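Residue-level structural notes
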Amino acid sequence: MSHHLVEADNLFYTYPDGTAALQGISFRITHGQSVALVGGNGAGKSTLLLHLCGCLLPTKGTLRIGNLPVSRQTLPAIRKTVGMVFQDPDDQLFMPTVYEDAAFGPHNLGLDAQQVRPVVEEALRRTGVLHLQNRPPFRLSAGEKRRAAIASVLAMTPDILVLDEPSANLDPQARRELIDLLRSFEHTKIIATHDLDLAMDLCERTIVLEGGKVLLDGPTEAVFQNNDEVLLKARLAKPLRLQGCPVCRRKESSG
Amino acid sequence: MMGTAGQDILLNLGRMDELARSDSPIHRLDSRVKVLTTVVFLVCVVSFPKYTVSALIPFFLYPFYLMTAAHVPTGLLLRRLAAVSPLAVLLGIWNPLLDRQAVLSVGFLSVSGGWLSFCSILLRFGLTVGSVLVLIATTGLESICAALEKIKIPRIFVLQILFLYRYLFVLTEEAARMLRARSLRSFDGRGTGLLSFRGMAGTLLLRTFERAERISQAMYCRAFEGRIPTKQVFQISRQDVLFFFFWTVFFIIFRWVNPAAIWGRFLEGITE
């Protein structure tokens, strides 16, 4: 299905203060793919994400979502297709209750109260926060906030999910549950993260960014297995799971 | 510490909002009716001349009625009132100093106009802030905002109130974290002065701008077009109409008629 396609062609973006954040990025993500976007601080991940939801428009080059180029005219269609989950749930959950927050998007898309309810309830049920629907968002735990933020995006039935650091600030169990939840989605997923083990778990493909350019792009395992020097250059490291067992290593060196 | 005091007030505010989710005949009234009635109440209270004291007394009936009928705990409300009262005292305390003309004598004691207007300010403060607090505790800020929008208050103001309320908590938490971080690195009162406060206020302002930008991005990503949807259902019942007319008539009558003065004149008539 072509409307799930994400295609960047030689993308450039320079901030008004002169910072060149993206310097010629190209990639093509097809339907149902799950892609990790990794890189050090300031590599351009967040800037790229803001392009995907049309919050920033490229200085040069084109970005196509489905068959549409991202531009001021196509923004409404783009925002219906792409669901963006921000890094800080407090920025995203601005309505008085969890229910109303999830209903915010569908309402804006023109659905009336009767049509909104089943959509919102389904989104809240899928993310496991239906029982919190009448609670104000600022009273929730970090894990609950994250789920509510994802529900608020799911309620708009997007084709493509974009997540910025979804596992940040979560305790190990909440992180595990989040991974299981995300795995259950059949959407095209683009996940910017420093949690490389999460990338291993969820994404078949990984794009490594450095200095606003694509350094590596390929199957996740291959990217992390045989590229120690490139990873170092991108301020990354092997996922912990690939680094070998510390207990065994201690035994080896002592014995 | 300043941070904890601020958080106490906010926790109380959260408590008020929780109260708004309980149920009583007052909670069930249409929020527009409650807002409008409170507005009439405020206008009447504020429009009294500056030396008015005794004529204000009947107006206490309204907040007290709401509190009892809606089971709002008196202690909580009084604490909230006390928390903001320094402002009223600060505004009013100049009057006794500036206005020393004696306007009233009780026995051999003469009361100056300044003290009288000071009393009047305190009473009015209690009435206005008290009734607004009761309105929040029985209606909830979101419903109040929905009602304001419904009675054609410009949307931009309603949005401001809604967002102010939502992010007050986030902002105070941020400020409290900064204060904590500062106190951990300042010794013997050094580093707690105005200079570092200025820096902190500036940082907080910049962070607020950044957050505002992120929030607006998040809103536009979800197809925001300037309208905040509410699940509020508005329906005027007979109770609503009765409530509104009873209290409006009550306020208007007692705005012009002072029972204490009538009683005084009545007593005078007997003694003559």
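Since the structure is predicted, the reported quantities are computational estimates derived from the model, not experimental observations.

**Some words on the confidence of the model for chain B**
For residues with low pLDDT, the predicted coordinates do not support detailed interpretation. All names here are of chain B. Averaged over every residue, the pLDDT of chain B is 83; residues scoring 70 or more account for 93%. Mean pLDDT in chain B bottoms out at helix α1 (residues 2–20), which sits at 64, and peaks at helix α3 (residues 31–46), which reaches 93. Interface predicted TM-score (ipTM) for the complex: 0.79; the corresponding pTM is 0.75.

**What about the pairing of strand β1 (residues 102–106) of chain B?**
Residues and elements named next belong to chain B. Here β1 runs beside strand β2 (residues 109–112); their pairing, made up of 4 bridges, is antiparallel. Looking across to β2, one finds that Ala 102 is bridged to Ser 112. Remark: 2 residues form the turn of the hairpin made by β1 and β2, two consecutive strands paired antiparallel; Gly 107 in that turn has positive phi of roughly 65°.

**Re the packing of helix α9 (residues 155–184) of chain B against helix α10 (residues 194–221) of chain B**
Residues and elements named next belong to chain B. Two elements in contact, α9 and α10, have axes separated by 11 Å at closest approach and are oriented at 140°. Taken as axis vectors, α9 and α10 run oblique relative to one another. For α9 against α10, the interelement crossing comes out right-handed. Mapping the contact onto sequence places Phe 163, Tyr 167, Val 170, Leu 171, Glu 174, Ala 175, Met 178, Leu 179 and Arg 182 in α9 and Ser 196, Phe 197, Met 200, Thr 203, Leu 204, Arg 207, Thr 208, Arg 211, Ile 215 and Met 219 in α10. Split by residue class, the contact of α9 with α10 holds 12 nonpolar, 3 polar and 4 charged.

**Description of the interface of chain A and chain B**
Listed per partner, the contact involves 30 residues of chain A and 26 residues of chain B. Each partner contributes to the roughly 2,700 Å² buried at the junction of chain A and chain B, and carbon and sulfur atoms together form 58% of this total. Sorting the residues of chain A by area buried against chain B places A:Asp91, A:Phe94 and A:Phe138 first, and these three jointly supply 24% of that buried surface. Connecting chain A to chain B are 8 residue pairs in polar contact (both at pLDDT 80 or more). Partitioning the side of chain A that touches chain B into residue classes produces 16 nonpolar, 7 polar and 7 charged.

Conventions and cut-offs
Residues numbered from 1 in each chain as written. Chains lettered and ligands numbered in written order. Predicted model: local features only at pLDDT ≥ 70, side-chain atom pairs only at ≥ 80, totals over all residues. Heavy atoms only, no water. pLDDT = per-residue confidence, 0-100. Helix = DSSP H or I, 4+ residues; strand = E, 2+ residues; numbered from the N terminus. Pairing = 2+ DSSP bridges. Axes fitted to C-alpha atoms, helices over the stretch in contact; angles between N-to-C directions. Parallel < 35°, antiparallel > 145°, perpendicular 65-115°, else oblique. Left-handed = near helix turned anticlockwise from the far one by under 90°. Contact = heavy atoms within 4.5 Å. Nonpolar A, V, L, I, M, F, W, Y, C, P; charged D, E, K, R; others polar. Buried area = accessible area lost by both parts, 1.4 Å probe. Polar contact = N/O pair within 3.5 Å; in protein donor to acceptor, adjacent residues only side chain to side chain.

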